[in-house]
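What follows is each chain in one-letter form.
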Amino acid sequence: MGRHHGRQTARHFGRPDLEYQAAVGSAAVLDRSHRSRLAVSGRAPVRMLAGVLTNSVPPPPGPNAAGLLAGRTAYSAVLIPKGRMVTDMVVAWRGTREDRHGLWLHVPAAGHAPLVAHLRKFLPPRFAFVDDVTETTGTLTVAGPDAAGMVEAALGIARGELAALDADGCLLTGPPPGGLLVARLSEVRLPAFDILGDRAALSRLGAELVRLGAAPTGMGVFETLRIEAGRPEFGLDMDDRTIPTEAGIDARAIDHRKGCYTGQEVIVRIRDRGHVNRHLRGLLLGDAPAPAPGMSLYSGTKAKPVGHVTSAAMSPAFGQTIALGFVRREVVPPADLRLESPDGVAVAVRALGDGGWELQRGDLN
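Residues numbered from 1 in each chain as written. Predicted model: local features only at pLDDT ≥ 70, side-chain atom pairs only at ≥ 80, totals over all residues. Heavy atoms only, no water.

Novice: Let's hear about empty space enclosed by the protein: which residues, and what values?
Specialist: Inspection of the entire model under this criterion finds 1 cavity of 30 Å³ or more. The computed volume of the largest cavity comes to approximately 60 Å³. Considering the residues around the largest cavity, the lining is formed by Ala23, Ala28, Leu30, Thr141, Ala143, Thr217, Gly218, Val221, Phe222 and Leu225. (1 Å grid on protein atoms, 1.4 Å probe; cavity = no way out; pocket = protein on both sides within 12 Å on 5 of 7 lines; lining within 4 Å. Points joined across faces, edges and corners; volume = space filled by probe spheres on them.)

Have a look at this one:
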């Protein structure tokens, strides 16, 4: 066991190497209930959230041919007026608009307290109120090439329904408290799903998935898969000093066609007339041990660092240690830096696109 942003989680179940193999070869199941879940409802929750979120709220779900509610999620951020992040999150409906269960906000643990404070300050309770349901609900994540089929079998969903979902697709098995939200997850480099709902129901589902062959997996493997996908996590690779453009999440988190939201002026100014001074990059470190977060990066013989590491892991897929980190904009990938000192371990800097790492020939060992 360990702690992830102050909340207890399973780091591994004894053999992280076998857990990783299960994830990439079949399916792995992971309890990610350390993330927070907020329910926003009321007379006009969508209209009130529109002035807070950088992305548009997805349309409410509707019934599909299999009789399930099919909809979409939206990855978004919340900003202060200076354009820096309060947190990121995933937004989804908890039911139809008519049943008035409102919306899920699926939030990283590090963003929970600042987001609750922000929403209570800026959402007028007459039109929208926030219910923190973190303790009574949970998040189960299932990842791997067999994940869709196993979740379908465990929930009694027609085969092929989950596999057919696109990157932002989701299904609801019913409204709260008994219904579950099954949402496609893009934070790892494998087919994966987040399942949100009542903790007791998720506990039963987790046991059934293990019975069907999914391997219980800890946060260590998930972090490796996340870094392999080039996805930043709030609290590690992003924080309250980060502007979304710096972290490269613009394409996913910002709808430039929507109406006003807090921090929009800064985002538009950067997009149209400016730049940011640093960018989140992928870092290749060969056989070096995984560096600690905050370790400095140097260019040539310059005494002043040009960046720092934010998260790292030994990657079986890359065949070497990899990391994410912020690097000054003057360092244009592909580039070479040094770790911890001007004559430290060689670090290859690579760009991160919306599809992940932008690798060069020979990068994969």
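Novice: Go over the layout of surface pockets with me, naming the residues and quoting the values.
Specialist: In this model, the largest pocket occupies a volume close to 680 Å³. Lining of the largest pocket is provided by 44 residues; of these, Tyr75, Val90, Ser186, Glu187 and Arg252 occupy positions nearest its centre. A total of 5 residues in the lining of the largest pocket trace back to one element, the largest contributor, which is strand β8 (residues 85-93). Residue composition of the lining of the largest pocket, grouped by class: 23 nonpolar, 7 polar and 14 charged. Approximately 430 Å³ is the volume attributed to the second largest pocket. (Helix = DSSP H or I, 4+ residues; strand = E, 2+ residues; numbered from the N terminus. Nonpolar A, V, L, I, M, F, W, Y, C, P; charged D, E, K, R; others polar.)

Novice: I'd like a description of the nonpolar core, backed by residues and values.
Specialist: Judged by nonpolar contacts, the single largest core of 22 residues is most densely connected at Leu162, Ile195 and Leu209. If we ignore the near neighbours within four places in the chain, the residues touching isoleucine 195 are Gly138, Thr139, Leu140, Val142, Val151, Leu180, Leu181, Val182, Leu202 and Leu205. (Core = buried A, V, L, I, M, F, W, Y, C linked by side-chain atoms within 4.5 Å. Buried < 20%, exposed > 50% of the residue type's maximum accessible area, 1.4 Å probe, protein only. Contact = heavy atoms within 4.5 Å.)

Novice: Can you tell me about the pairing of β8, naming the residues and giving the values?
Specialist: Counting buried positions over the 9 residues of β8 gives 8, a clear majority of the element. Pairing geometry for strand β7 (residues 74-79) and β8, over 6 bridges, is antiparallel. Paired with tyrosine 75 across the bridge in β8 is valine 90. Between the end of β7 and the start of β8, which pair antiparallel, lie 5 residues, with glycine 83 showing a positive phi angle near 85 degrees. In the sheet, β8 pairs with strand β9 (residues 103-107) via 4 bridges, with the strands oriented antiparallel. (Pairing = 2+ DSSP bridges.)

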